[in-house]
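What the coordinates show
One-letter residues, chain by chain:
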Amino acid sequence: RLSEPEAIIASLAASTGSSASPVANRALAGLRVVVSAGPTYEDLDPVRYLGNRSSGKMGFAIADSARRRGAEVVLVAGPVHLATPPGVRRVDVRSAAQMHQAVFAAFPADIYIGAAAVADYTPRMPAANKIKKSNESLALDLVRTPDILSEVAAQAEGLKLVVGFAAETENVAGYARGKLVAKHLDLIVANRVGVADGGFESDQNAMTAYWQDGERTFTPGAKTRLADDLIDLIVERLDA
Ligand code: CTP
């Protein structure tokens, strides 16, 4: 079936960099943006993995929004089945280690937005063959994954803005501000997970962004609109 005319125009505008885009605001023109999105899957054996409930929708919407503002966008995506936004270069990965590698391979960039829900732990040694059941209990030996966001903030040269996400179930502002400082970020976007209609699997979200001397609570709503609001804030913070 033929796509909607608006979608065709947006796609053509994005691929040519034309200002015929329905969103004429091209505040990110000339900048390169790397966005991570989705979950990571850490393999236990050839048939099982440790994953999380991230849908990737927020990160994909952010990549789309940044592209429509004129940026060159690389989207490093964990295992999700979402359409690639028009004009965005997508790199598919599975594990935290692969995401780490793909993110650094995408640099140099001007802006990094870490929207992925990266596993904090991975099996020390994935089993080569399917783990058979034997005892009544099974303990998994897990080791820390690299903190991609912290490493980007500490190591990547030439970055103008590093943006992290914090998914919290309680004390949202406190934990988010803690991560802003600990990970040396310019901006952190916090959302409360584990509540109805918001967070990981929903199309809707409620978010607050924090930076060193300010914060902004966005009007809750569709992740696509929130992505535009976040990109607007990023443009403001670039100029600050
Ligand atoms: N992140 C990352 N690499 C990791 C873990 C997290 O880049 N190995 C990034 C995420 O993309 C997100 C931010 O760090 O932007 C926050 O992740 P989160 O898991 O909420 O925070 P943690 O620092 O891991 O702390 P905790 O799990 O204890 O809340």
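Notes on the structure in this doc start here. Along each chain, numbering runs from 1 in the same order as the chain's sequence is written. Given that the model is predicted, a residue must reach a pLDDT of at least 70 before its local features are reported, and side-chain atom pairs must reach 80 or more before they are shown or counted; all residues, however, enter totals for whole chains, interfaces and linings. Where side-chain values are given, they derive from all heavy atoms of the structure, hydrogens and water being excluded.

Right, let's talk about the overall build of the chain for a bit. In DSSP terms, a helix is any run of H or I states spanning at least four residues, a strand is any run of E spanning at least two, and both are numbered starting from the N terminus. Check the secondary structure of the chain and you find 6 helices and 14 strands. Our radius of gyration looks at C-alpha atoms and nothing else; its globule reference is 2.2 Å times the residue count to the power 0.38. In terms of C-alpha radius of gyration, the chain reaches 19 Å, essentially the compact-globule figure of 18 Å for 240 residues. Principal-axis analysis of the C-alpha atoms places the extent of the chain at approximately 65 × 50 × 40 Å. Any pair of residues with heavy atoms lying within 4.5 Å of one another is described as a contacting pair. A sequence separation of at least 24 residues applies to 62% of the contacts in the chain between residues at least 6 apart. Looking at the chain as shown, the accessible area adds up to about 12,500 Å², and 51% of this sits on carbon and sulfur atoms. For every accessible area listed, the method is Shrake-Rupley and the probe measures 1.4 Å; residues are considered covered only by the protein chains on display.

This brings us to a nonpolar patch on the surface. Only residues above 30% relative accessible area that lack a salt bridge enter a patch, with like-charged residues linked at up to 9 Å and the nonpolar side chains Val, Leu, Ile, Met, Phe, Trp and Tyr linked at up to 5 Å. A side-chain nitrogen of Lys or Arg and a carboxyl oxygen of Asp or Glu constitute a salt bridge if their distance falls within 4 Å. Taken together, the side chains of Y121, L138, L140 and L142 present a nonpolar region at the surface, about 390 Å² in accessible area. Mapped onto the fold, Y121 is located in strand β7 (residues 121–123).

This next bit is on the site of the ligand. If a single non-hydrogen atom of a residue is within 4 Å of a molecule or strand, that residue counts as near it. Around the ligand lies a shell of 15 residues, among which G114, A116, L149, F165 and K183 are the nearest. We define a polar contact as two N or O atoms separated by no more than 3.5 Å, with the added condition that, inside protein, one atom must be a possible hydrogen donor and the other a possible acceptor, whereas residues neighbouring each other in sequence contribute only through side-chain atom pairs. One nitrogen or oxygen atom from the main chain of F165 is found 2.8 Å from an oxygen atom belonging to the ligand. Contact between the ligand and K179: an oxygen atom at 2.9 Å from a side-chain N or O atom of the residue. Protein coverage of the free-state accessible area of the ligand, which is 570 Å², stands at 76%. Here a cavity denotes a set of grid points, spaced 1 Å apart and computed over the protein atoms alone, in which a 1.4 Å probe fits but from which it cannot get out, and a pocket denotes an open set meeting protein on both sides within 12 Å along at least five of seven lines; residues with an atom within 4 Å of a point are reported as lining. A pocket or cavity is taken to hold a molecule when more than half of that molecule's atoms are within 2 Å of the pocket's grid points. Under a 2 Å grid-point criterion requiring more than half of the atoms, the pocket assigned to the ligand is the largest pocket. Mapped onto the shell around the ligand, the elements with two or more residues apiece are α4 (148–155) and β9 (161–168). Examining the composition of the shell around the ligand, we find that 3 residues originate from one element, β9, more than from any other. Ten residue types, Ala, Val, Leu, Ile, Met, Phe, Trp, Tyr, Cys and Pro, are classed as nonpolar, four, Asp, Glu, Lys and Arg, as charged, and the remainder, Gly among them, as polar. When grouped by side-chain class, the residues that make up the shell around the ligand number 8 nonpolar, 3 polar and 4 charged.

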